[in-house]
Amino acid sequence: MLFRAGRSMGWDYDIFFSYAHADGKAALPVIEALRARNLRVFHDDREITDGESIVRRIVEGLGRARMLVAWYSSTYPTRRACQWELTSALIAARHEFPDGRTVERRILALNPEAGTGQLHPADILANKYVDARGVPAEELATRAAALLDGLAGSFGEIRTLGGPRWYGGNPRAASSRFVGRFPDMWRIDERLSKNRIALITGESVGLVQVQGMGGIGKTLLAEEYARRFCAAYPGGIFWLNAAQGQDLGAQRQGFAGNLGIATAGLGPEAVAGALKEKLADLDGYLWIVDDLPPNAGSADLNAWSAPTANGATLVTTRGTGLGDAGFVHRLGLLSDTEAYELLTGRRPPRTDAKRAAREILDLLGNHALAVDVAGAAVEMLGYAGFRDRLRNPAEDATELAAELADDLPTDHARQIAATLLDSIDRLDAAGLRFLHLAALLAPAPIPLSLAADVFARLPGGADGLAEAARAVKAATREALAEHIPGDGEDDGDAVSVHVLVSRTLRFHKGEPPPAMRDAAVAALTEAMRQAKDIRTHAALLPLVPHARALTEDLPEAPAATLLVWLGNFNRARGAYADAAADFRRTVEAGKRLLGNEHPSTLTSMSNLAEMLGAQGDHGGARALQEQELALSRRVQGDEHPGTLTSMNNLASTLWAQGDHGGAQALLEQVLALSRRVLGDEHPHTLTSMNNLAATLRAQGDHGGARALQEQVLALSRRVLSDEHPHTLTSMNNLAATLRAQGDHDGARALHEQVLALRRRVQGDEHPDTLGSISNLARTLLHLGDAQGARALAAEALPVALRKYGRAPELSRALIALAEHLGVPVP
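Bear in mind that the values here come from a model prediction, so they are computed numbers and not experimental data.

**Points about the overall build of the protein chain**
Along the backbone of the protein chain there are 38 helices and 14 strands. Over its C-alpha atoms, taken along the principal directions, the protein chain stretches across nearly 105 × 70 × 50 Å. Expressed as a percentage of the 826 residues in the protein chain, the buried residues total 54%. Mean positive and mean negative side-chain charge positions of the protein chain (87 and 100 charges, respectively) differ by 2 Å.

**A short note on the packing of aromatic side chains**
For any pair of aromatic rings, the description rests on two quantities: the centre-to-centre distance and the angle between the ring planes. Applying the stated criterion across every chain, the model contains 15 aromatic pairs. Here phenylalanine 16 and phenylalanine 42 contribute two aromatic rings whose centre-to-centre distance is 5.1 Å and whose plane-to-plane angle is 10°, an arrangement assigned as stacked. Taken as a pair, phenylalanine 16 in strand β1 (residues 15–18) and phenylalanine 42 in strand β2 (residues 41–42) lie far apart in primary sequence, 26 residues in all. Here phenylalanine 16 falls in the buried class, since its relative accessible area comes to 1%. Site record: aromatic cluster; members linked through ring pairs are Tyr167, Phe238, Phe255, Tyr285 and Trp287. A cation sits over an aromatic face here: arginine 106 above phenylalanine 155, 5.9 Å from the ring centre.

**Thoughts on the environment of threonine 645**
By the element assignment, threonine 645 lies in helix α30 (residues 641–656). Sequence separation of threonine 645 and serine 632 is 13 residues, and the distance between their C-alpha atoms is 10.0 Å.

**Describing the side chain of arginine 106**
Along the chain, arginine 106 turns up in helix α4 (residues 103–106). A relative accessible area of 0% places arginine 106 in the buried class. A distance of 2.8 Å separates the side chain of arginine 106 from the backbone oxygen of arginine 66, its partner in a polar contact. Within the local environment of arginine 106, its side chain forms a polar contact with the backbone oxygen of glycine 153, the two atoms lying 3.1 Å apart. Beyond its immediate sequence surroundings of up to four residues, arginine 106 is in contact with Arg66, Met67, Leu68, Ala93, Glu96, Leu151, Ala152, Gly153, Phe155 and Ile158.

**Digging into the sheet that holds strand β11 (residues 327–330)**
Sheets are built from strands paired through backbone hydrogen bonds, the pairs being either parallel or antiparallel. With parallel pairing, six strands are arranged side by side in an open sheet as β6-β8-β9-β10-β7-β11. Of all the strands in the sheet, the pair left with one neighbour each is β6 (166–167) and β11. Sheet analysis places strand β7 (residues 207–211) next to strand β10 (residues 311–317), joined by five bridges and oriented parallel. When the sheet's bridge partners are listed, glutamine 209 is paired in β10 with valine 315. Against the sheet, helix α9 (residues 218–228) touches β6, β7, β8 (237–241), β9 (285–292) and β10, its axis set at about 160° to β10.

**Here we look at the packing of helix α19 (residues 429–440) against helix α21 (residues 464–477)**
A pair of packed helices is captured by two measures, namely the crossing angle of their axes and the spacing between those axes. Close contact between α19 and α21 brings their axes to 7 Å; oriented N to C, the two are set at 90°. Put simply, α19 runs roughly perpendicular to α21. Packed against α19, whose contacting residues are Ala430, Gly431, Arg433, Phe434 and Leu435, the element α21 presents Glu467, Ala471, Val472, Ala474 and Ala475 at the interface. Considering only residue class, the contact of α19 with α21 consists of seven nonpolar, one polar and two charged.

**A word on the pattern of salt bridges**
Under the definition given, this model contains 46 salt bridges. In this structure, glutamate 478 engages arginine 426 in a salt bridge whose closest nitrogen and oxygen atoms are separated by 2.9 Å. Here the residue glutamate 478 occupies a position in the loop between α21 and β13 (482–484), and arginine 426 occupies one in the loop between α18 (413–425) and α19, the gap between them amounting to 52 residues. When the shortest N-O distance is used, the salt bridge between arginine 548 and aspartate 582 registers 2.9 Å.

**Here's the deal with the sheet that holds strand β14 (residues 494–496)**
If you trace the three strands from one edge of the open sheet to the other, you get β12-β14-β13, paired in antiparallel fashion. At either end of the open sheet lies a strand with only one pairing partner, and these are β12 (446–447) and β13. As defined by bridge partners, β12 adjoins β14 across two bridges and the pair is classed as antiparallel. Bridging across to β14, isoleucine 446 finds its partner in valine 495.

**Section: the nonpolar core**
In terms of nonpolar packing, the biggest core is built from 92 residues, with Leu343, Ile360, Phe434, Leu435, Val454, Phe455 and Met528 touching the most fellow members. Ranked by the residues each element gives to this core, the list is headed by helix α15 (residues 368–381), at nine residues. With sequence-adjacent residues up to four places away left out, isoleucine 360 is seen in contact with Leu343, Ala374, Val378, Tyr383, Phe386, Arg387 and Leu390. Within the second largest apolar cluster, 57 residues are counted, among which are Ala20, Phe182, Val210 and Ile288.

**Digging into the packing of helix α10 (residues 248–258) against helix α11 (residues 268–280)**
The N-to-C vectors of α10 and α11 enclose an angle of 45°; their axes lie 9 Å apart at closest approach. Between α10 and α11, the angle falls in the class oblique. The handedness of the crossing between α10 and α11 comes out as left-handed. Across the interface between the two elements, Arg252, Gln253, Phe255 and Ala256 from α10 touch Val271, Ala272 and Leu275 from α11. Looking at the contact of α10 with α11 residue by residue, the classes come out as five nonpolar, one polar and one charged.

**Some remarks on α10**
When you tally the buried positions in α10, you get eight out of 11 residues, the bulk of the element. Restricting attention to buried positions, one finds in α10 the residues Leu248, Gly249, Ala250, Gln251, Gln253, Gly254, Phe255 and Ala256. Of the residues that open α10, the one with a side-chain oxygen 2.9 Å from the backbone nitrogen of glycine 249 is aspartate 247. Downstream of α10 by one or two residues, glycine 260 has phi in the positive range, about 80°.

**Thoughts on the pairing of β9**
For β9, the buried fraction is high: eight of the eight residues fall into the buried class. Relative to β9, β8 is paired through five bridges, and the arrangement is parallel. If you follow tryptophan 239 over to β9, its bridge partner there is isoleucine 288. Inspection of the sheet shows β9 paired to β10 by six bridges, in the parallel sense. Along β10, the bridge assignment pairs isoleucine 288 with leucine 314. Between β9 and its parallel partner β10, the chain crosses via helix α12 (residues 298–304), and the hand of that crossover is right-handed.

**Re the state of the cysteines**
For the coordinates displayed, the defined rule picks out zero disulfides. A disulfide-free cysteine, cysteine 82 has its sulfur positioned 17 Å from the sulfur of cysteine 230, the nearest such atom. Given the relative accessible area of 8%, cysteine 230 is considered buried.

**Examining the side chain of serine 646**
On the secondary structure map, serine 646 appears in helix α30. In this structure serine 646 comes out as buried when scored by relative accessible area, which is 2%. Sequence-distant contacts of serine 646, defined by excluding residues within four places in its chain, comprise Glu628, Leu629 and Ser632.

**Section: helix α1 (residues 24–36)**
With 13 residues, α1 extends 18 Å between its outermost C-alpha atoms, agreeing within 8% with the 18 Å of an ideal straight helix rising 1.5 Å per residue. Residues Gly24, Ala27, Val30, Ile31, Ala33 and Leu34 constitute the buried set of α1. Looking at the buried residues of α1, the elements they touch are β1, β2, β3 (68–71), β4 (107–111) and α6 (137–147).

**Considering unusual backbone geometry**
In this structure, the amide linkage connecting histidine 120 to the following residue, proline 121, adopts the cis form with an omega of 0°. Positive phi is not limited to glycine here, since asparagine 366 has a value of about 60°. Checked against the element boundaries, asparagine 366 lands in the loop between α14 (351–364) and α15.

**Observations regarding the confidence of the model for the protein chain**
Interpretation of the predicted coordinates at a detailed level should be avoided for regions scoring low in pLDDT. A residue-level look at the protein chain finds 95% of positions with pLDDT of 70 or above and a mean pLDDT of 87. Contacts from residues 1–9, a stretch scored under 50 in pLDDT, to residues over four places away or in other chains number 21 contacts. In this model residues 195–205 is a low-confidence stretch, pLDDT under 50, and it forms 25 contacts with partners more than four residues away in sequence or in other chains.

Thresholds applied
- Residues numbered from 1 in each chain as written.
- Predicted model: local features only at pLDDT ≥ 70, side-chain atom pairs only at ≥ 80, totals over all residues.
- Heavy atoms only, no water.
- Helix = DSSP H or I, 4+ residues; strand = E, 2+ residues; numbered from the N terminus.
- Buried < 20%, exposed > 50% of the residue type's maximum accessible area, 1.4 Å probe, protein only.
- Lys, Arg positive; Asp, Glu negative; His and termini not counted.
- Charge placed at Lys NZ, Arg CZ, Asp CG, Glu CD.
- Phe/Tyr/Trp six-rings, centres within 6.5 Å; stacked < 30°, edge-to-face > 60°.
- Lys NZ or Arg CZ within 6 Å of the ring centre and 35° of its normal.
- Polar contact = N/O pair within 3.5 Å; in protein donor to acceptor, adjacent residues only side chain to side chain.
- Contact = heavy atoms within 4.5 Å.
- Pairing = 2+ DSSP bridges.
- Axes fitted to C-alpha atoms, helices over the stretch in contact; angles between N-to-C directions.
- Parallel < 35°, antiparallel > 145°, perpendicular 65-115°, else oblique.
- Nonpolar A, V, L, I, M, F, W, Y, C, P; charged D, E, K, R; others polar.
- Salt bridge = Lys/Arg side-chain N within 4 Å of Asp/Glu carboxyl O.
- Core = buried A, V, L, I, M, F, W, Y, C linked by side-chain atoms within 4.5 Å.
- Left-handed = near helix turned anticlockwise from the far one by under 90°.
- Right-handed = clockwise from strand over helix to strand, strands pointing away.
- Disulfide = S-S within 2.5 Å.
- Expected span 1.5 Å × (residues − 1).
- pLDDT = per-residue confidence, 0-100.

Structure, rendered in C-alpha cells:
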C-alpha cells in the first residue's frame, strides 16, 4: 500500500522527533523545550510494530517535517519503527545532495549512552552525534533549532515516502515479529548503493548475495530491507522465487503484465526484451532473487539478475559457490538481544522465567526459525516447561538433526529439530493436513484458494475454505507457516511454509497420503484448463510452481494430464521450447503408463510435433506426425476423427516445407473421408473444406477456392448461425478470395458484414475485430477510398498497440498499413 504526503509545498512540522516508547520519559523534556521555541514538533508515543502503521506515521509525520531528531539510546536500534523512521530520513536526505552535505543538518542523533556502538549506520552517525549525557534539554533544543536555519522543504518533498511498489509473488505485509538486523541492512545497502550516489546518477548499482544456512532469516531480511529502503528504489521492488524448478520466464511475464506491457502472442524472449526496455526507463529499482539453489552457477546467477543497469540485485541463497560474484554478506545467527526479543514477543516472561528463556536460547543457538517456533510454543507451555522438553530431546530429534545436518548449526541441531517436531505434534488434524499439502507443493506461497479446493476434494471434505482457514490458523499459531494477506480483488491470501518445516514433516510423519496428492493434482488440473486463454495467465501464475512440483515425476496418468496443461500454458504464451519439453515428457509418460497406441499418447505426439514446427523444425514435426498417423490408422482406423485430424496436421507441415501438392492431396483425402463419415455439415468437414480452399488459393486456383468457400459459408450459416465465429471466419476467407479475383465490391460487402457482426458479438477491441478493420481498410484502398482506409487504420492501430503491443502479427500489419497510408504511428 502506497501512502503519500498530503501537501505538495512547504511543511507542517519543523521536527519529527523519533524515539523508542521506553525512552519517553527521557525524551519528553527535549520535545517540550523545542515547542517552547515555537517549533512545530511531531511525536507519537505509541509503540507500533506492524508495517502499515509505521508507513502511515512516516508519511503523515516524517514526510511533512524538514528535520528528524532521534533520541538514539541503546533501545532505539532494537525498535522496528525507530529504525524505519531513521532509514527513511537518511534516504531522503542523501538524495537531496548525493555528497551528503545536508544529512547532518536534517538528521540529529542525540546519544544518551556512554558508548557509540549502538549508532547505525556508523559511517554517518558515529562521528556526527550530540552527546546528550547530562546536557539540559534547553541546550539540546538550541542545538537542534540552529540546524533549521535556511532549511527548506520537507522529507516528503525531497523523496516520496511510503510503502513500496511491489511486483511479483505476494506483496507481503512484512512480519511484525521481525527483530534486529539493522547493521546487516545498512551493510547491504552500502554495497547496493555504491557510495549512495549510483541510484541518483543511474549507474550500475551492483549485486549483493545474502548467504546463510536454512531458517536463519535470509528471506525475511530481504523483505524487510525492501520495505525500509523502498524510498531508494522508486522504480519498485521486483520479487522472484528462484528455488529449484521455478520458472523465470513465467515470472518475467507476470512483471510485464504488472507494468502494462501487452504480452499477447509474445514468446519468452520477446517478453524479456519488452520488459528490459520498460525497466530501463524506470528510476532505480530493486530486483530480489530469493532462494537461488545452492548448486547454481554463474550462468544461473546472470540469468536471474536484474536485466538493466539501473536495477540493484539482492540474492538470497544457501550456497557458497558464487563467492566471487558481487558482494557476499554472510548472515549469521541472531544476537542474544534479538533472539530474546523474538522469543519473548508473544509472552513476556516474568522475573522467574527469564532464566529459562535464556536457557532456551542457549539450547537453540539463536537460530531464527527455531526461536520463532519456540516463541509460539512457550505461549502455551510456559518457559520452564518448554525448556525441560528441550533438555532431553527424543530419539527422533537426533535422527532428524542428522537428516538436516547441512542446514542447521551443529551444536544445536538436536534442540532445533526437537522444537520443530514438538510443534508439529501439537497441531490438530487440519493443521497437519495443511503441512502435508505444503510438503507436496513447491516452496512458494500457496494461494489459500488452492488449499481450499484441495481440502474440498479430500474424502469427507465439505466446506474447503473454512477447513483451509482453520488449518492455516493452526499452523501459523505454531509459527510453522506465515499468512500473507492479499492485496486487492485479484490477489488473494496466500500462505508460506519454510522448506525446513516441510522436510521435518516428511521425516516425522512420512510422505503425504495418496489422497492428498490426488486432490492437489485434480485441483490444479481443473484450474490450469484455462491455460489456452492467455488472458487468464496472470491468475494462473501463482499456481504454476505448484503444478511443476507435482509433475516432477509422473507416476500416474492424472499427473501427466496436468503436465499437458502446463505445456498448453507455455504454448499459449509462445514458450515453444518449454512447451516442447513438457509435451515430450507427456509422450514418454503416455507410452509408459498407457501404451504407444493409446489416444492420449497420440495426442501428446501431435502436441509435440506442433511445437517442433513452431520452432522451425518441420522435418522433426513431419517425422513425428507420420509416425502418429500410421499408429492412428492402425488403432483407430482411416475414418476416425482423430485420424482425420492427424492427416490435417501433417498436411499443414507439408505446406510449411513447400510440398504444396502433397498438402493438397492429403487435404482432398481428409475432405472426402469427412464428408462420407461425418457428413457435409459437421464442423470437422467444414474445417477440412476451409483448409483445402486456403491451399488452392495459395496455389493460384482462386476459382476452386471460391467454390469451396461459398459452400462452407452457406453450410455454416445454416448449421452454426450468422454470428458464430466459424461463420465469420468463413466470410472473411471468402472476402479475401474475392479480392484476389479483383471483385473488390463483393469483398467490401462481406468485410463490412463481418466487421459489424464482430463488433456486436466480440467487441471493438477483440483481435478478430481489429483484423476485420484492417481487412476492410485494405479493400477500401483497392477501391480508391484512401480517406476511409485512413480512418479505419487510425481507429484500430492505437487499440492494438495498447491491448497487444507492437510485436504480434496483427499489430505489425496495422503499423505497416498506417505507414503506407500516412497515418501517424503512436
